[in-house]
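# A look at the structure
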Amino acid sequence: MSDALIAVKPEIAAKARIDAAKYRAMYEQAEKDPDGFWRGEMNRIAWMKAPTKIKNVDFHGDVSIKWFEDGVLNASVSCLDRHLATRGDQVAIIWEGDDPKSDAKVTYRQLHAQVCRLTNGLRELGVKKGDRVCIYLPMIVEAAVAMLACARIGAIHSIVFGGFSPDSLASRIQDSECSVLITADQGRRGGRTVPLKTNADEALKQCPSIRHVVVAKNTGGDVPMQAGRDIWWSDLCDRQKDTAEPEPMGAEDPLFILYTSGSTGKPKGVLHTTGGYMVWASFTHENVFDYRDGEIYWCTADVGWVTGHTYIVYGPLANGATTLMFEGVPNYPSVSRFWEVIDKHQVNIFYTAPTAIRALMREGEAPVKKTSRKSLRILGSVGEPINPEAWLWYYRNVGDERCPIVDTWWQTETGGILISPLPGAIAQKPGSATLPLPGVKPALVDGEGKIIEGAAEGNLVLLDSWPGQMRTIYGDHARFGQTYFSTFKGMYFTGDGARRDADGYYWITGRVDDVINVSGHRMGTAEIESALVAHPKVAEAAVVGMPHDLKGQGIYCYVTLKSGEEPTEALRKELVAWVRKEIGPIAAPDAIQWAPGLPKTRSGKIMRRILRKIAANETDGLGDTSTLADPTVVQDLIENRVG
Ligand code: WTA
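In this convention, every chain numbers its residues from 1, walking through the sequence in written order. Per-residue local features of the predicted model are confined to residues with pLDDT of at least 70, and side-chain atom pairs are confined, for both listing and counting, to 80 or more; whole-chain, interface and lining totals are unaffected and use all residues. Where side-chain values are given, they derive from all heavy atoms of the structure, hydrogens and water being excluded.

## Topic: the domain arrangement of the protein
The condition is simple: For the domains described, the bounds stem from an automatic or database domain assignment. Any two residues whose heavy atoms approach within 4.5 Å are treated as being in contact. Buried area: the accessible area, evaluated with a 1.4 Å probe, that two parts lose upon being put together, summed over both parts. When a carboxyl oxygen of Asp or Glu is within 4 Å of a side-chain nitrogen of Lys or Arg, the pair counts as a salt bridge. Counting of polar contacts relies on pairs of N or O atoms within 3.5 Å, with two restrictions inside protein: one atom must be capable of donating a hydrogen and the other of accepting it, and residues adjacent in sequence are counted only when both atoms are side-chain atoms. Each helix is a run of DSSP H or I of at least 4 residues and each strand a run of E of at least 2, with the numbering of both proceeding from the N terminus. In the scheme used here, Gly and all other residues not listed as nonpolar or charged are polar, with Ala, Val, Leu, Ile, Met, Phe, Trp, Tyr, Cys and Pro taken as nonpolar and Asp, Glu, Lys and Arg as charged.
Partitioning the protein into structural domains gives domain 1 (10–499) and domain 2 (519–640). Put simply, the middle of domain 1 and the middle of domain 2, counted by C-alpha atoms, are 33 Å apart. Taken together, the contacts link 24 residues of domain 1 with 19 residues of domain 2. Contact with domain 2 buries surface across domain 1, with Ser-261, Trp-305 and Arg-358 losing the most and accounting together for 28% of the total. Counting across the domain 1 and domain 2 interface gives 1 salt bridge. Linking Arg-522 and Glu-413 is a salt bridge whose minimum nitrogen-to-oxygen distance equals 2.8 Å. In this assembly, domain 1 and domain 2 are joined by 12 residue pairs in polar contact (both at pLDDT 80 or more). Elements with a minimum of two residues in the side of domain 1 that touches domain 2: helix H7 (166–176) and helix H13 (354–361). The biggest single contributor to the side of domain 1 that touches domain 2 is H13, with 3 residues. Class assignment for the residues of the side of domain 1 that touches domain 2 results in 5 nonpolar, 13 polar and 6 charged.

## Here's the deal with the side chain of Asp-302
Using the following cut-off: When accessible area is computed with a 1.4 Å probe and restricted to protein chains, residues below 20% of their type maximum are described as buried, those above 50% as exposed, and intermediate ones as partly exposed. Residues scored as positive are Lys and Arg, those scored as negative are Asp and Glu, and His as well as the terminal groups of each chain are ignored.
By the secondary structure assignment, Asp-302 is in the loop between strand E16 (296–299) and helix H11 (306–318). Look at Asp-302: it is buried, it has no salt bridge, and the nearest opposite charge is Arg-189 at 4.7 Å. Within the local environment of Asp-302, its side chain forms a polar contact with the backbone nitrogen of Gly-304, the two atoms lying 2.7 Å apart. Those residues within four positions of Asp-302 in sequence are excluded, and the remaining contacts are Met-139, Phe-161 and Gly-308.

## A look at the sheet that holds strand E26 (residues 506–511)
The condition is simple: Any two strands with at least two DSSP-identified bridges between them are counted as paired.
Judged by pairing direction, the sheet is antiparallel, and its 5 strands sit side by side in the order E22-E21-E23-E25-E26 without closing on themselves. Strand pairing shows two members of the sheet lacking a second neighbour, strand E22 (451–452) and E26, which therefore form its edges. Relative to E26, strand E25 (residues 492–500) is paired through 5 bridges, and the arrangement is antiparallel. If you follow Asp-496 over to E26, its bridge partner there is Arg-511.

## Re empty space enclosed by the protein
Here is the rule: Buriedness of a pocket was judged along seven lines, with at least five required to meet protein on both sides within 12 Å; pockets are open sets of points on a 1 Å grid over the protein atoms alone, cavities are sets where a 1.4 Å probe fits but cannot get out, and lining residues have an atom within 4 Å of a point. Grid points are joined across faces, edges and corners, and a volume is the space filled by probe spheres set on the points.
Tallied over the entire structure, the rule returns 1 cavity of 30 Å³ or more. Its volume calculated, the largest cavity comes out at about 30 Å³. If you trace the largest cavity, you find it lined by Ile-159, Val-160, Phe-161, Phe-164, Arg-172, Leu-258, Tyr-259, Gly-304 and Trp-305.

## Quick notes on the pairing of strand E2 (residues 64–67)
In the case of a regular strand, side chains alternate between the two sheet surfaces. Only one face of E2 is covered, namely the one carrying Ile-65 and Trp-67; the face carrying Ser-64 and Lys-66 has none of its residues buried. Strand direction decides the pairing type here: strand E1 (residues 55–58) and E2, joined by 4 bridges, are antiparallel. Looking across to E2, one finds that Asn-56 is bridged to Lys-66.

## Digging into the UniProt feature "domain: Acetyl-coenzyme A synthetase N-terminal" (unreviewed entry) in the protein
Selection rule: UniProt positions are given in the numbering used here, feature names are shortened, and annotations may be inferred rather than shown by experiment.
Within this structure's numbering, the places UniProt gives as "domain: Acetyl-coenzyme A synthetase N-terminal" (unreviewed entry) are residues 23–79. Secondary structure content for residues 23–79 is 40% helix and 18% strand, while the C-alpha to C-alpha distance between its ends is 27 Å.

## So, the pattern of salt bridges
For the coordinates displayed, the defined rule picks out 42 salt bridges. Note that Glu-286 and Arg-17 form a salt bridge whose closest N and O atoms lie 3.7 Å from each other. With Glu-286 in helix H10 (residues 275–288) and Arg-17 in the loop between helix H1 (10–15) and helix H2 (20–32), this residue pair connects regions lying 269 residues apart in the sequence. Classification of Glu-286 by relative accessible area gives buried; the value is 19%. Linking Glu-252 and Arg-471 is a salt bridge whose minimum nitrogen-to-oxygen distance equals 3.0 Å. Linking Glu-252 in the loop between strand E13 (249–250) and strand E14 (254–260) with Arg-471 in the loop between strand E23 (456–462) and strand E24 (472–473), this pair joins segments that are 219 residues apart in sequence. Here Arg-471 falls in the buried class, since its relative accessible area comes to 6%. Where salt bridges share partners, they join Arg-17, Glu-41, Arg-44 and Glu-286 into one cluster.

## Looking at the site of the ligand
Inclusion rule: Near, as used in this document, describes a residue that has one of its heavy atoms within 4 Å of the molecule or strand being considered. All accessible areas in this document rest on Shrake-Rupley with a 1.4 Å probe, and a residue is counted as covered only by the protein chains that are shown.
Looking at the ligand, there are 17 residues lining it, with Asp-407, Thr-408, Thr-412, Asp-496 and Arg-522 nearest. Contacts to the ligand include Thr-412, whose side-chain N or O atom sits 2.6 Å from an oxygen atom. Coverage of the ligand by the protein amounts to 96% of the 520 Å² it exposes when considered alone. Every element with two or more residues in the shell around the ligand is listed here: H11, strand E20 (405–408) and E26. The residue makeup of the shell around the ligand, split by class, is 6 nonpolar, 6 polar and 5 charged.

## Some details on helix H5 (residues 108–124)
One turn of an α-helix holds 3.6 residues; hence residues three or four places apart share an orientation. Going by this rule: Expected span of a helix, by definition, is 1.5 Å for each gap between consecutive residues, and there is one gap fewer than residues.
The first and last C-alpha atoms of H5 sit 24 Å apart over 17 residues, in line with the 24 Å expected at 1.5 Å per residue. All of the buried residues along H5 are Tyr-108, Leu-111, His-112, Ala-113, Val-115, Cys-116, Leu-118, Thr-119, Asn-120, Gly-121 and Leu-122. Of the residues trailing H5, Gly-126 is marked for its positive phi of about 95 degrees.

## A word on the packing of helix H4 (residues 75–87) against H11
Just so we agree on the cut-off: Note on definitions: angles span 0 to 180 degrees between N-to-C directions of axes, and those axes are lines fitted to C-alpha atoms, for helices only across the stretch in contact. When describing relative orientation, an angle under 35 degrees is termed roughly parallel and one over 145 degrees roughly antiparallel, while 65 to 115 degrees is termed roughly perpendicular and anything else oblique. For any pair of crossing helices, the crossing counts as left-handed if the nearer helix is rotated counterclockwise from the farther one by less than a right angle, and right-handed if it is rotated clockwise.
H11 packs onto H4 with a crossing angle of 50 degrees between their chain directions and a minimal axis gap of 8 Å. On the basis of the axis angle, H4 is oblique to H11. Between H4 and H11 the crossing geometry is left-handed. Within the contact between the two elements, H4 uses Ala-75, Ser-78, Cys-79, Arg-82 and His-83 and H11 uses Tyr-314, Leu-317 and Ala-318.

## Remarks on the side chain of Arg-373
For Arg-373, the position within the fold is in the loop between helix H14 (366–369) and strand E19 (378–382). Separated by 3.2 Å, the side chain of Arg-373 and the backbone oxygen of Val-368 make a polar contact. With sequence-adjacent residues up to four places away left out, Arg-373 is seen in contact with Trp-339, Ile-342, Asp-343, Val-368, Asn-397, Val-398, Asp-400 and Arg-402.

## Let's talk about the UniProt feature "binding site: Mg(2+)" (unreviewed entry) in the protein
UniProt marks Val-533, His-535 and Val-538 with the feature "binding site: Mg(2+)" (unreviewed entry), using the numbering shown here. Mapped onto the fold, His-535 is located in the loop between helix H17 (525–533) and strand E29 (538–548). Not counting the four nearest positions on each side in its chain, His-535 is found in contact with Leu-571, Glu-574, Leu-575 and Trp-578. Along the chain, Val-538 turns up in strand E29. The residues contacting Val-538, other than those within four sequence positions of it, are Leu-532, Val-533, Val-559, Thr-560, Leu-561, Lys-562 and Leu-575.

## Here's the deal with the nonpolar core
Counted only if it meets this: Put simply, buried Ala, Val, Leu, Ile, Met, Phe, Trp, Tyr and Cys residues joined by side-chain atoms within 4.5 Å make one nonpolar core.
Formed by 162 residues in total, the largest nonpolar core has its most connected members in Leu-111, Leu-118, Leu-122, Ile-182 and Tyr-314. With 11 residues, helix H6 (residues 141–153) is the largest single contributor of residues to this core. Among all residues touching Tyr-314, those that are not within four sequence positions of it are Ala-75, Cys-79, Met-147, Leu-148, Ala-151, His-157, Leu-255, Phe-256, Tyr-277, Met-278, Ala-281 and His-309. Core analysis: the second largest hydrophobic core is formed by 28 residues, Trp-298, Ile-342, Ala-390 and Trp-393 among them.

Have a look at this one:
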């Protein structure tokens, strides 16, 4: 790993909100006096009743996390209403379509009106505070409108990424018993259409809780509408008033649920509440990106992931920013698309994922260099570790060595960024997320939970709470404690491993649990395994991550067939298609190895450590295999490794 230090640029530091001295002072104050520090920050969002209690957290026992608990607010007011007087005619969202010829601009006033119309429409459909509303939309302005309308009603939105299958959509709707689904006829990506309404219809066969489906017309594709259940967005909203009362919400009332994969079982409904999440979204968006009034900010994530929630919608809009929403993909119609969009809309801050950088890096410098990118000031990275080579390519070619890169480490569970350089305060090292933000107390622990000091490698934990932390797993608080606070008592366990160098900088090394990160998409190996064993010809399956040049990690599956089944190429293809259908295209296996047997301990536990090593072609260091029930299976697996 490269430890080269890239100093803070004087011209950035001179104007930055936070320089090195201020960062240290803020960090110290937040640590010594969290109540005082966050009382000072809480008015960055709009309160109907300001909180008097600030922090009330216990990581032990049943685990209770509360911030600003007696405050009352509505998230949509912070994102919309309070901007009307000062920036009503400023563009809130620049929408850039998949087709470079299609774009749109929506001002704060227009966005407010659209949100109010949908709020009234949803209220007419009977949606009220506390109800769950599922959103299955492409990257169109309606996605932001739908989120904010739910927030205005106090309904809890649960967004499901448009790339998930009908089954994945159905299980998420069932888990939180959503009463309304908001979707579109079709999505568009890279010149192709995504059959959202058709997928939704398939999913809804298993979802009796859904009473209404609101369908946005996007492509105009022909889709069936079920009378009494389905209604076009425009039919519902056009006749509504463009004002709507925001529901007063307690700071600890839920804002949204977002399903994410863990090591075991089905995806968990990560629950975020209103006050703390909004303060964290605003605080981190403003300070990490050093956001200034009037700047154009672009995060390339999808609203189906947490990055889209916090850094396309809630953070930027709370800060009165102009946020760009992109429907397309980095390589359509050409591999210059990102850079062309930056020039077209004069983007100042650009936030993307390492997987996109690595893919574009393969295309060489020419597609970047033919664009200007002069408007850029700050670059960001999120979702997976960025290798120093990709970091340097991004820094030199995209930012012309002018723009600091903020490598932001965080998770769905953390609500927002926790570890990241601040552009005017913290010198960067390519590949390191560097130092914690004020209010964040990371530590490294060994396997027994003992804190390791100094330069070391270990499990990354957080010793104390920050306002944006998730509060529970929807409907299963016991699982929340079990998943995050029981491995190391009294600490939040991230599931990540990290190294800390002599400067105290953190280098995230990746997941230490059975979660894999494929192109920045988080997946549980257990989910893919259960999809595989659901196939009638599969007896057993074990899935691990393998190193992958573009995706970071690829999906490597060991499959044992039922006796009598032939391991053919046709069956291999069938299984890949099967997993795509069961979970979604993002879960398509990269490699399938036929395994006559899997390495198991005598008690029947699969030794994944060995499977990971074989998949990575690191078969020299397999370690002790003598405890296996049948050590000979290992030799067979090594000999028949694929790829
Ligand atoms: C990984 C995405 C290294 C990490 C915001 C984490 C990262 C998981 C980084 C969360 C980064 C995210 N450097 N690893 N800058 N950012 N990760 O929930 O393993 O989709 O635990 O949230 O992504 O993924 P999630």
